[in-house]
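# Understanding the architecture of this molecule
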Amino acid sequence: MPIGDYELHKEIGKGAFSVVFLVTEKKTKKQWAMKIIDKKSSSKGALETEIEIMKKVEHPNIVKMHEYFESTDKIYLVVELVTGGPLFDRIVDKKSFSEKEAKLVTKQLLESLKYLHSIGIVHRDLKPENLLLKTPTDLNIALSDFGLSKILSDEVFMKTTCGTPSYVAPEVLNNITNTPSAYSEAVDMWGVGVITYILLCGFPPFYSEDIRKLFESILSANYDFPAEYWGSISKEAKHFINCLLTVEPSKRYSAAQALEHPWIVDGNQSEPLPH
Ligand code: ADP
Ligand code: MG
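About the thresholds
- Residues numbered from 1 in each chain as written.
- Chains lettered and ligands numbered in written order.
- Predicted model: local features only at pLDDT ≥ 70, side-chain atom pairs only at ≥ 80, totals over all residues.
- UniProt positions renumbered as here; feature names shortened; annotations may be inferred.
- Helix = DSSP H or I, 4+ residues; strand = E, 2+ residues; numbered from the N terminus.
- Buried ≥ 20, exposed ≤ 12 C-beta atoms within 10 Å, placed from the backbone.
- Axes fitted to C-alpha atoms, helices over the stretch in contact; angles between N-to-C directions.
- Parallel < 35°, antiparallel > 145°, perpendicular 65-115°, else oblique.
- Left-handed = near helix turned anticlockwise from the far one by under 90°.
- Contact = placed C-beta atoms within 7 Å.
- Nonpolar A, V, L, I, M, F, W, Y, C, P; charged D, E, K, R; others polar.
- Expected span 1.5 Å × (residues − 1).
- Near = placed C-beta within 6 Å.

An unreviewed UniProt entry lists the protein chain under the name non-specific serine/threonine protein kinase, with Dictyostelium purpureum as the source organism.

Now for the UniProt feature "binding site: ATP" (unreviewed entry) in the protein chain. UniProt annotation of "binding site: ATP" (unreviewed entry) refers to Lys35 when read in the numbering used here. Tracing the chain through its elements places Lys35 in strand S4 (residues 31-38). Residue class for Lys35 comes out buried when judged on the 23 C-beta atoms lying within 10 Å of it.

The interhelical angle for the contact between helix H3 (residues 99-118) and helix H7 (residues 186-201), taken along N-to-C directions, is 165 degrees, at an axis separation of 9 Å. Taken together, the axes of H3 and H7 lie roughly antiparallel to each other. Of the two possible hands of crossing, H3 and H7 adopt the one that is right-handed. Contacts between H3 and H7 involve Glu99, Ala102, Val105, Thr106, Leu109, Leu110 and Leu113 from the first element and Asp188, Val192, Ile195, Thr196, Leu199 and Leu200 from the second. Across the contact of H3 with H7, the residue classes break down as nine nonpolar, two polar and two charged.

Our next topic: H7. Between the first and last C-alpha of H7 there are 23 Å, a value that for 16 residues agrees with the 22 Å anticipated at 1.5 Å per step. With 15 of 16 residues buried, H7 is to be regarded as a mostly interior element. A positive phi of about 90 degrees marks Gly202, the residue just after H7.

Residues in contact with ligand 1 amount to 23 residues; listed here are only the nearest, Gly13, Gly15, Ser18, Val20 and Ala33. Ranked by the residues each element gives to the shell around ligand 1, the list is headed by strand S2 (residues 6-14), at three residues. Of the residues contributing to the shell around ligand 1, the split by class is twelve nonpolar, six polar and five charged.

Right, here's the structure in full:
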């Protein structure tokens, strides 16, 4: 089935508010991923501005936006196709990552966030599902869905993020992020802490069937490193996570600070890059 200048092949993914298809651009024969979002979930206005900003983003660890168009009831985003699937699936397959692998992934995530934050973009919805792997064979990540939080209506966004509150920063639960703040990008850094934790042990730092308890533990950064799983993991790794899972946004490490943390810096020089 053709849509505009694209031939649709098959569904390659489904998100909370979108369906993703493998497509070929008729003119160039190039393959892309096309993300189709129901307009019902999108916010009024802001769309074009946001998309213009997203189109300017260029970083090796961020899914590149190619084109966008709309119909009466849908938004179509044509983006760089990545083939490694969600990082989340790789975590499930492997149970957990070695420190070296976790560090490699975390460092790329920090580089992409440092870049986004430097141009004033906050992702707001960082979680392993939104981290894709560029290829099935290595650990090069591609951050997807940045800026989407602004395209979606607040209602839909809150529903989807609060559907997976394990990743949400305390100040988001306290609902103070909508007030412009010098530290709004700190919500992403909390996400880095949660993701790094999961990479190293395979389960999240905050978890409870009881949503109230879950909120309470996030609001007080009440988490630990159970010895059974964390016994052989370095104290630098734990310290790194502590610096990110810090309740007060102004005290939480920024991407630039985190990139200078000994866990990220030490030993990286001697590690060969993956190929
Ligand atoms: P949502 O934001 O609606 O949750 P996602 O962007 O997370 O949707 O996409 C859902 C799924 O679609 C992803 O988990 C992934 O499997 C697939 N997908 C998304 N973007 C791409 C892409 N650029 N290349 C390949 N697959 C993708
Ligand atoms: Mg997503």
